[in-house]
Amino acid sequence: MTTLPAHLSELIGKPVHDIDTPALVIDLDAMKRNLVRMADFARKHRVRWRPHAKLHKSVHLAKLQMKAGAVGVCVQKTAEAEVMVAGGVHDVYISNQVVAPAKLARVAALTQAVAPHGGQIAIAVDSLEGVERLALAMTEARTRLRAAGLPNAATVIDVFVEIDVGQGRCGVEPGPAAAALALEIRKHPALRFAGLQAYQGQAQHLPSALARRMASASAVKLVELTCQLLKAQGIAPGLVTGAGTGSFALEAASGLYGELQAGSFMFMDVDYARNEREPAQPQFEHALFVKTQVISLQANHAVCDAGHKSHAIDSGLPRVHAFDSQSELEYFNGGDEHGILRAADGGTRLPKLGRMLWLIPGHCDPTVNLHDVMIGVTGGLRHGTVHALYPVDARGAMT
Ligand SMILES: Cc1ncc(COP(=O)(O)O)c(C=O)c1O
């Protein structure tokens, strides 16, 4: 895990005011309330909850989620899985396609690494070649370990067949192609067919709740069709896993999905918050902020020290967090290291030079990946204190 510089460690116990800018800050009280809401939802709807750790890339936060009731975490990359396992998170699902033999050898090694801890590695596949390559990597890992006389050589990996339920990204066609792949998986002793990966990514960010309901309903139909086909061929469909922050209540209500992969709910970015909430879903709070300060004051605008090297802008610009008494400010792109601030709604008041401000990122996942550390604060952003530092352990873990 990442070692943090001393000047950051010295922040523990200090007031939020002392956090230098720009910095990535978690409002831990808000984050924990979000976690409790999700855990309650999952319990009430009798679904497993496996949040996507690509959001926070932090071993500590993954463990916090599991303490709150998550069965494990999802990751998107082999390197992210390695970071999680090295940090002691032993139930990890790579919800993505991995086909490079060198990476698959690393995946196989992970299955061996978690076995003594009673852990499990799972992975998605969407091609025959992908299945064969994975099986070969598992067999080679077993052979190597047996040759070395090691006892835990007979590990298996859980394999989910990814079906394309409308996103048009990875995944085989729902129905016969998925059933054929499940049959193929069953031929390999080191692979265990675990179920279906059915993530409808496009549904997540649709602004209207009705549009999301329609997209999710169509995904559920495709899942249902595939489960029926699997059963007809004598294959138990296993677990259906998927769903994100925009739609998880719909998948949970389907009676088909047994596991929810939503991740962003824990921090809630501007993009998710501006969409019409599905009434069945809990209300989540913003919990991730970029702290910034005004470094230049001009006639009609102020300039802060957070540009797009501090926050991702792929889903839009950040919003300036307004405390009750403050007039609203609007953030405009000022380049890599600057943000331009103007009074919103025809107002004229600008913040003073040196004034500290809080930005809510447009998209949390890639924002986190820009930082080495997240600073956890309790007691609120105005009067709180620094409680903990969370290294972004899997920052840049792309392979
Ligand atoms: C496969 C998969 N599952 C789950 C998620 C989690 O979605 P969110 O962070 O929007 O809740 C994503 C996000 O892109 C994803 O790609």
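These notes cover the structure that comes with them. Keep in mind that what you see is a predicted model, and the values were worked out from it rather than measured.

Cut-offs and rules
For every chain, the first residue of the written sequence is number 1, and numbering continues from 1 along that sequence. Side-chain atom pairs in this predicted model are given and counted only at pLDDT of 80 or more, local residue features only at pLDDT of at least 70, and totals for whole chains, interfaces and linings cover all residues. Heavy atoms from the whole structure form the basis of all side-chain values; hydrogens and water molecules are not counted. To sort residues, take the accessible area from a 1.4 Å probe on protein chains only and compare it with the maximum for the residue type: under 20% means buried, over 50% means exposed, and anything in between is partly exposed. Numbering of helices and strands starts at the N terminus; helices are DSSP runs of H or I of at least 4 residues and strands are runs of E of at least 2. Residue contacts are counted whenever heavy atoms from the two residues lie within 4.5 Å of one another. Here a Phe, Tyr or Trp ring, Trp counted by its six-membered ring, pairs with any other such ring whose centre lies within 6.5 Å, and the pair is stacked when the planes are under 30 degrees apart, edge-to-face when over 60, and tilted otherwise. Here a residue is considered near a molecule or strand provided that any single heavy atom belonging to it is located within 4 Å of it. Pairs of N or O atoms within 3.5 Å make up the polar contacts considered here, provided that, within protein, one atom can donate a hydrogen while the other can accept it, and that residues adjacent in sequence are counted only when both atoms are side-chain atoms. Here, Shrake-Rupley sampling with a 1.4 Å probe gives the accessible areas, and only protein chains in the shown set may cover a residue. Gly is put with the polar residues, along with every residue not named as nonpolar or charged; the nonpolar set is Ala, Val, Leu, Ile, Met, Phe, Trp, Tyr, Cys and Pro, and the charged set is Asp, Glu, Lys and Arg. Axes, fitted as lines to C-alpha atoms, cover a helix only where it is in contact. Angles between the N-to-C directions of the axes lie from 0 to 180 degrees. Any angle from 65 to 115 degrees is called roughly perpendicular, while one under 35 is roughly parallel, one over 145 is roughly antiparallel, and all others are oblique. Helix crossings fall into two classes, left-handed where the near helix is turned counterclockwise from the far one by less than a right angle and right-handed where it is turned clockwise. By convention in this document, the label disulfide applies to cysteine sulfur atom pairs within 2.5 Å. We call two strands paired when DSSP finds no fewer than two bridges between them. Orient the strands so they point away from the viewer, and a crossover whose first-strand-to-second-strand path over the helix runs clockwise is right-handed.

1. Observations regarding helix α4 (residues 78–86)
Those residues of α4 that fall on the buried side of the exposure criterion are T78, A79, E80, A81, M84 and V85. Those residues of α4 that are buried lie in contact with α3 (59–67), β3 (73–75), β4 (91–97), α5 (101–114) and β5 (120–125). Trailing α4 by a residue or two, G88 shows a phi angle of about 100°, which is positive.

2. Notes on the packing of aromatic side chains
Tallied over the full model, the rule gives 6 aromatic pairs. Ring geometry for W49 against F265: centres 6.4 Å apart, planes inclined by 55°, an arrangement best described as tilted. On the criterion of sequence distance, the pair formed by W49 in strand β2 (residues 48–49) and F265 in the loop between β9 (259–260) and α11 (270–274) is long-range, its members being 216 residues apart. Of the two residues examined, W49 and F265, each falls in the buried class.

3. Here we look at the site of the ligand
Among the 15 residues in the neighbourhood of the ligand, the closest are listed as T245, Q261, G263, S264 and Y272. Within the side chain of S264, a nitrogen or oxygen atom sits 2.7 Å from an oxygen atom of the ligand. Relative to its unbound accessible surface of 390 Å², the ligand loses 93% to contact with the protein. Here the shell around the ligand is built from residues that sort into 4 nonpolar, 9 polar and 2 charged.

4. As for the packing of α5 against helix α6 (residues 128–147)
As a packed pair, α5 and α6 sit with axes 8 Å apart at the nearest point and diverge in direction by 55°. It follows from the interaxial angle that α5 and α6 lie oblique. Between α5 and α6 lies a crossing whose hand is right-handed. Contacts from P101, L104, A105, A108, T111 and Q112 in α5 reach R133, L134, A137, M138, A141, R142 and L145 in α6. For the contact of α5 with α6, the class distribution of residues is 9 nonpolar, 2 polar and 2 charged.

5. Brief notes about the state of the cysteines
Summed over all chains, the structure comprises 0 disulfides. Of all cysteine sulfurs in the structure, the one in C74 sits closest to C227, which takes part in no disulfide; the separation is 18 Å. Accessibility expressed as a relative area gives 7% for C227, which makes it buried. The cysteine C304 is free of any disulfide, with C364 supplying the nearest cysteine sulfur at 17 Å. Residue classification places C304 among the buried residues on the basis of a relative accessible area of 0%.

6. What about the packing of α6 against helix α7 (residues 176–186)?
Contact geometry of α6 with α7 gives a least axis separation of 10 Å together with a crossing angle of 15°. By the angle between their directions, the pair α6 and α7 is classed as roughly parallel. With respect to the hand of their crossing, α6 and α7 are arranged in right-handed fashion. Each of L128, V131 and E132 in α6 lies in contact with α7, whose residues at this interface are L181, E184 and I185. Residues that form the contact of α6 with α7 fall into these classes: 4 nonpolar, no polar and 2 charged.

7. Brief notes about the environment of L381
In this structure, L381 sits in the loop between β16 (373–378) and β17 (385–391). For L381, a relative accessible area of 7% puts it in the buried group. In contact with L381, other than residues within four places in its own chain, are V16, V25, D27, F289, H321, F323 and W358.

8. Regarding the sheet that holds β2
What holds strands together in a sheet is hydrogen bonding between their backbones, with the strands either parallel or antiparallel. In space, the 8 strands of this open sheet follow the order β2-β9-β8-β7-β6-β5-β4-β3, with parallel pairing throughout. In this open sheet, the two strands that pair with only one neighbour each are β2 and β3. Bridge analysis of β2 against β9 gives 2 bridges, and the strand direction is parallel. Opposite W49, over in β9, you have L260 as the bridge partner. Against the sheet, helix α9 (residues 209–232) touches β7 (191–197) and β8 (239–242), its axis set at about 150° to β7.

9. Some thoughts on the pairing of strand β6 (residues 157–162)
With 6 of its 6 residues buried, β6 lies for the most part within the structure. Burial of the side chains of β6 extends over both faces: I157, V159 and V161 are buried on one face and D158, F160 and E162 on the other. Where β6 lies against β7, 6 bridges are found, and the strand directions are parallel. From the neighbouring strand, V159 faces β7, where its bridge partner is F193. In this region the chain leaves β6, passes through α7 and returns to the parallel neighbour β7; the handedness of that crossover is right-handed.

10. Section: the environment of R186
Its place among the elements puts R186 in helix α7. Here R186 falls in the partly exposed class, since its relative accessible area comes to 48%. Separated by 152 residues in sequence, R186 and N34 have C-alpha atoms that sit 39 Å apart. Leave out the neighbours within four places in its chain, and R186 touches F193, G234 and I235.

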